[in-house]
Every structure is written in structure tokens, then in C-alpha cells.
Amino acid sequence: MTALLSLSGIRKTYGSGELAVEVLHGVDLTIRAGEFVAIMGSSGSGKSTLMNIIGCLDRASAGTYVFAGHDVARLDANGLAALRRDGIGFVFQQYNLLANASALENVEVPAIYAGLPKDRRLARARALLEQVGLEQRQDHRPSQLSGGQQQRVSLARALMNGGQVILADEPTGALDSRTGREVMDLLHQLNAAGHTIILVTHDSDVAAQARRVVRLADGLVVADDSRTSEPAAVPLERPFAVHHGDRWAEAGEAVKLALRSLRANLFRTVLTLLGIVIGVGSVIAMLAFGDGAKRDVMTSIQAMGTNLLLVRPGIPGVRGPGGVTTLTTGDAEEIATLPNVRRAIPEIEGTVTFRYDAVDHSASVTATSADYPLSRDWPLARGVFFDADDVDTFATVAVLGRTVADSLFGDGDPIGEYVMLNNTPFLVIGVLERKGASAWGSDLDDVAFVPLTTGGLRLFGRRHLRSITVEVDDTATMEPTRLEIERVLEARHNMVDFNIRNMASVLETAVATQNTMTVLLGAVAAISLLVGGIGVMNIMLVTVAERTREIGIRMATGARQSDILMQFLIEAVVVCTIGGLLGVAGGMGAALVTSAFAIPVAITPLPVVLAFGCAFGTGLVFGFMPARKAARLDPVVALASE
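Since we're looking at a predicted model, the values are computed, not measured.

Parameters at a glance
Residues numbered from 1 in each chain as written. Predicted model: local features only at pLDDT ≥ 70, side-chain atom pairs only at ≥ 80, totals over all residues. Heavy atoms only, no water. Helix = DSSP H or I, 4+ residues; strand = E, 2+ residues; numbered from the N terminus. Buried < 20%, exposed > 50% of the residue type's maximum accessible area, 1.4 Å probe, protein only. Contact = heavy atoms within 4.5 Å. Areas by Shrake-Rupley, 256 points an atom, 1.4 Å probe, with all protein chains shown as cover. Phe/Tyr/Trp six-rings, centres within 6.5 Å; stacked < 30°, edge-to-face > 60°. Lys NZ or Arg CZ within 6 Å of the ring centre and 35° of its normal. Pairing = 2+ DSSP bridges. Axes fitted to C-alpha atoms, helices over the stretch in contact; angles between N-to-C directions. Core = buried A, V, L, I, M, F, W, Y, C linked by side-chain atoms within 4.5 Å.

Caption draft 1: Inspection of the overall build of the protein chain at higher detail. A tally of helices and strands in the protein chain yields 20 helices and 20 strands. Within the protein chain, the fraction of its 642 residues that count as buried is 50%. Look at the contacts in the protein chain between residues 6 or more apart in sequence, and 77% of them connect residues 24 or more apart. Total accessible area computed for the protein chain in this model is approximately 28,800 Å², and 56% of it derives from carbon and sulfur atoms.

This is how it looks when you write it as C-alpha cells:
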């Protein structure tokens, strides 16, 4: 009969140089399909090492090993995984079941890596558990099963992908005699069904039940006794066609395993999530605050107008007007005649005490021309603004901002009422629409407007202007217009005793400053996300160390390096994804709560997408190293881990 396994001159050396120790010294062994072989030897004889080589868990240092026509030495790690998955079923002395999985889930593991659809996988796993007498225990975890029941689960798992070769390492060593006999009876039944059984033991009574006993001593085969001339020639068919390459299904299983693992260490998972939640939430909240402040600044400056040039008295380079108050209405009239100038609005400003009945209120009053609301795009809520005739006739009329109107009249209508401004009665003819607060926190509505002539004479006692607001037609030529205004005023004053500010450039500067602050806020928040990512990597490295035996079990049941890599990488990504979602909710919630306290906040989709994307990317980047470490573990070393 054709050999199923053929080993020739197999040697195995551990270490190198002077520390090298050769455990197998040239083993020759041939096993045919359907045989029941016991490999027997005392401790240190090399039988465990030989078993690992036969099971493709380890490689020989020298010699030739052919398994079902495949030269094992020519196979890479994934090729060895394929042989274990499709041709070998392991039964270990310590059972090596996944502690957090049920009996049913343990049995189906090899078929997961074979790509069998879930419904067929579960149906076969249930049938195998019924075959070994555990149909009533399929939902029990290993800790809820006896040693004999765990070994039966291990046997069912070995058969999941067909189990052409059942490699049993001391399968009765941890069992009582009765349970041990039951396990051996199952192995005989499997052999009778066509499975090749290779039993590794040091117990001569157990070895005596095999039809062939191979004895090892000091790394050499010293005896090979057959009790029958030929094994039972029963053809063994695979229970299903193996499906490979369905990465989406494998990814789905990896997500399921990741959630199970995270649930098993819930407290640690919560702490790991916390770092990502804080990082993502901080990014979203900080950027929302930064964008909100930027929008508020832009709104305030735009409310003043971005097509404006503001002329103020004062010597350039000297802080404040420095005693210079030389701007006049004649300057404003001259500026208004220049090309590209739509309006030139003279202004005198000061603080005045308002009185209506028994209510006093202090607010800013601006004495100006009739064109003021047009240049500042400030419509009226009620009434009218004063006109040029009111300016020419020194009319004692006033237009109130909403804050002043509310303070003096409450819910009443101020139109047609008289208010005292510094003990001078003024008729209220209009109320402006509400503007709100400026970027610097001042109330833009706490103001009133009176005719320029009236204010200069009756309220402030001066003719010189505090400022001239120049509205231009074409903002593209604001700079030439500014230079022309400088020329005119210098000619009129015979000196440069004024400053001209471009409101468009002020807006640009303010926006640039706010953008810088937003970036700084985002950078600070991103650091917390980075720290969270490092925490994820640290936890995943600890997880790999804790689950080394599990990794070995998965590799023994057919997991490729890519399967292990994907599993642990997906665990990291799942942690970061959940943390990212919670962080998004937390960051948006914090921003919305803060906005209730009149703090400007702007939540836009881009920061949310970026923050969540960074969390997802954090899982990929910081999860890769631990996942790569797990994937590169040696199956033999991993299985030997405690």
C-alpha cells in the first residue's frame, strides 16, 4: 500500500554552535493510510519532537519528510498550515481547547480556516459532537466539562475537516482509566472508519492497543513491531469541499472572535476604549470650539463690513490718537468724491447715560450721517433712521439698538417716546435689528445713533470726528483707494496724523489667527488620540502574550499567518472603531452642551469624519505590530506556552 507519511534521515537540532543539541539523530519511518501506529518512548527519547515534525508544527533540521506526496521541506508557513488544516487532526494531552468558546465553537474552528459556510459548519460540528456523545453539552465551555468530555471535544475538532491523520499526543494521560478506555474506543472506531491514527505515548498498555508500535530511544527508532500485516483499507472521503479565499467571511468571523475576546476582558477593554474615546472626543470638541470661534469672529467683522476702510486720527506707530483729533466732516466730504468710494461716513462716539421714567442705562452713542445703516448693512426692526434733513437741522432724534430699547422700555414700543440723553430729550424714531455679540464679547446692540450735528453739539461738545468709515465699490482695488485717501488727507492736514485700516485685511488676519488656534487645539487633542493609540498597542502586546497558547491552538487547527494577523489586527480595529464611535458621540455631545452656555461652537462633518478615520487608522497602525508578532509565533513554542 502507498505510504501516506514517509520520513527519511530526519534530524532535529536545537540551538547553534557549542550550545547545539541534536534530539533526533536520523529517524526513518513510513506510515501507510489507515494504520494505527503508536510511537512509544520514555521522557527525552524525542517522541514529542517527532510528533511535532509529523504534525507539521515544527521543521526537521535535516532529512526528508513527505506527507501525502508533499515534500514538507519545500512548504512555507502557509503551506504547512494548509497541511494541518486539511490533513491532520490533533488530540492533545491537555486538550488545548479555547477557554472562551463553547464546545460547538471549539469544534468548528478548523472549518472556519477552511472557509466552510457557517450553516454547513455548524451542522457538521453538531453532528460530530453527537458522534462523540456530547450533543447535550455543545453550549458548554471547557471549564464546564470534565476531562473526558474535553478530550471528546478535542476528538470532534480533529475530525472537523476530515482528519485524514489523527495525531494523538498522550490522549489518555490526563484521564482516569475508565474515561481513557472510552477515548481509546473512539480512536479504534475512527481507525475502523479509515482514519490513520498516530498515537504518541509512554504508556505500554496504551501502546499495546495499536496494531503497530514504533519505539524511540535517544532520538532513534530502536524497534518497529507490527501486529497485523496490513491496515484496514477503508477509503476515507473528505466530508466537504474546502472553500478558500472568502476573505469577507473570514473577516466577519474575525470580528466575531474579536468581540468575544473583548467581552472576556471587559474591564481592560473599557480602559483601552477610554483612551480612544477621549482622543476622538477631544479632537471633535476642540475643532468645534475653534471653528465656532472662527465663525464668530468672521460674522462680527463681516457685520461691520469687509468692503470698508476705517480712518482714525493718530500718528502712525503711536499707540492711540496721542492727542491728535484733526478729522473733520470736510475730510469725509472730500473722501466721498474719490473714485471707487461709495460713501464716507463720519462718526463721533461716546458713552452717554439714557433715562426713561425711572430707568437709567449707560450705553454707547454714535453721532453719524444718514448713510450709516447702508454702509454697515444694518436694517431696522421698527421705525426709520434719521435722514439728511435731520442732520442739517440738528434734530434731536435717536435710533436705538435692541439692548438699549429692551433695557429702557422692556416689552413696550419705544417709537414716538422721548428719552433723556445726558439730560437732553431725544425722540426715538427707530429700533435696529439685533446684531448680537462681537468676536471680543462686546454687545453690538448696546448702542444708539443720533445725527452727527446734534451729537457733536448737544452730547459730546466737539466737532472733530472719532473716525470716518469709507465704503468702496470694488474690493479688488481697495489698496489703491486707501493710498489715494492717504494722499488727500496728507494734503489737507499737511502731515500724516491719521491711520487707515483695511477691514478686509483685518478679516483675513483674524481668520488666519483663528485657523492657527484651531490647528493648535486640534494638535493638542490629536496628542491624546496618539496616546490612546499607544495604549491600544500596549494592550494588544499584552493580549498576544496572554493568548500565546490560543494562537498555537489556532495554528495547529489550520490557521495561516494571515489568519492570525487579521484576527489580532481586527481586534485592534474593533476597539478603535467602537472607541471612535463613542468618541464622536461624546465630542458632539460636549460641543452641544457647551453651546448652551453661549459659547460659539460649529460642528461640521469634516472634523467628525477625520477624527473617526484617525481612530480607525490608529487601530490599523498600532495594532499591526502586535498582530504581526502573533502571526510570526512558532506553533510549537506557542503551544508550549503557559
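Still more to cover.
Caption draft 2: Representation of the packing of aromatic side chains. All told, the structure shown has 7 aromatic pairs when counted by the stated rule. Judged by centre distance (4.2 Å) and plane angle (45 degrees), the rings of Tyr 356 and Phe 409 are tilted. Of the two residues, Tyr 356 is situated in strand 12 (residues 341-356) and Phe 409 in helix 13 (residues 402-409); the sequence distance between them amounts to 53 residues. Following the ring pairs from residue to residue traces out a cluster consisting of Tyr 372, Trp 378, Phe 385, Phe 386 and Phe 449. The side chain of Lys 435 reaches across the aromatic face of Trp 378, ending 5.2 Å from its centre.

Caption draft 3: Spatial organisation of the sheet that holds strand 7 (residues 165-169). In spatial order, the strands read 6-7-8-3-9-10; together these 6 strands make up an open sheet with mixed pairing. Here the strands that pair on one side only, and so sit at the sheet edges, are strand 6 (88-91) and strand 10 (220-226). The mean inter-strand angle of the sheet, taken between neighbouring strand axes irrespective of direction, is 15 degrees. Pairing between strand 6 and strand 7: 4 bridges, direction parallel. Counterpart to Val 91 in the pairing with strand 7 is Ala 168. On top of the sheet, helix 2 (residues 77-87) reaches strand 6 and strand 7; it is set at about 75 degrees to strand 6, its chief contact.

Caption draft 4: Representation of the side chain of Glu 550 within the structure. Checked against the element boundaries, Glu 550 lands in helix 17 (residues 548-556). The residues contacting Glu 550, other than those within four sequence positions of it, are Leu 98 and Gln 567.

Caption draft 5: Layout of the nonpolar core. Leu 5, Leu 29, Ile 39, Leu 50, Ile 54 and Tyr 65 are the most contacted members of the largest nonpolar core, which totals 72 residues. Ranked by the residues each element gives to this core, the list is headed by helix 18 (residues 561-595), at 10 residues. Each residue touching Ile 39, except ones within four places of it in the same chain, is listed here: Leu 29, Lys 47, Leu 50, Ile 54, Ile 198, Leu 199, Val 200, Thr 201, Val 214 and Leu 216. Listed in part, the 41 residues of the second largest apolar core include Leu 309, Ile 335, Ala 367 and Leu 421.

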